[in-house]
Amino acid sequence: AAWTKKEVESVKAADAHEKVNKYLPMLEAELEGKEYILASGFSIADINIRSTFMYAVMGKVDLSAYKNILAWIERCSQRPSFVTASSK
């Protein structure tokens, strides 16, 4: 992977793609009709899960098919608490 400056073993890459293809649709479905992960609103769950998407960006994971995830990423990115947590 270009962002790590070293080659990823093909078996590890295949495993990662399999997991992405399994879990992204689950998160997409979970976010349908919701602003955040929990019905009660923005929480540490959003900060935690959203922060993992920084790796998706670095790994150039195509998220274009996931409208709910993309909207959620944008909502989280605008939250002052996420901005604060991300800058530490």
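Above this text is the structure in question.
So, here's what we can say about the structure. Note that the structure is predicted; figures quoted are calculated from it, not measured.

Regarding helix 3 (residues 67–78)
Here is step 1 of the chain: Between its first and last C-alpha atoms helix 3 spans 17 Å; for twelve residues at 1.5 Å apiece the expected length is 16 Å, and the two agree.
Here is step 2 of the chain: For helix 3, the complete set of buried residues consists of N68, I69, W72, I73 and C76. Seen end-on, helix 3 carries its buried residues on one side only, within an arc spanning 135 degrees. When the buried face of helix 3 is taken as reference, the exposed residues oriented beyond 90 degrees from it are K67 and Q78.

Side note on the packing of aromatic side chains
Here is step 1 of the chain: Tallied over the full model, the rule gives two aromatic pairs.
Here is step 2 of the chain: Measuring from centroid to centroid gives 5.2 Å for Y36 and F42, while their planes differ by 70 degrees, and the two rings are edge-to-face.
Here is step 3 of the chain: Classification of Y36 by relative accessible area gives buried; the value is 11%.
Here is step 4 of the chain: A relative accessible area of 18% places F42 in the buried class.
Here is step 5 of the chain: An angle of 75 degrees between the planes, with centres 5.8 Å apart, marks the rings of F53 and W72 as edge-to-face. Here W72 lies in helix 3 and F53 lies in helix 2 (residues 44–58), a separation of 19 residues in the sequence.
Here is step 6 of the chain: The ring of Y36 carries the charged tip of R75 above its face, separated from the ring centre by 5.9 Å.

The rules we used
- Residues numbered from 1 in each chain as written.
- Predicted model: local features only at pLDDT ≥ 70, side-chain atom pairs only at ≥ 80, totals over all residues.
- Heavy atoms only, no water.
- Helix = DSSP H or I, 4+ residues; strand = E, 2+ residues; numbered from the N terminus.
- Expected span 1.5 Å × (residues − 1).
- Buried < 20%, exposed > 50% of the residue type's maximum accessible area, 1.4 Å probe, protein only.
- Arc of directions from axis to C-beta.
- Phe/Tyr/Trp six-rings, centres within 6.5 Å; stacked < 30°, edge-to-face > 60°.
- Lys NZ or Arg CZ within 6 Å of the ring centre and 35° of its normal.

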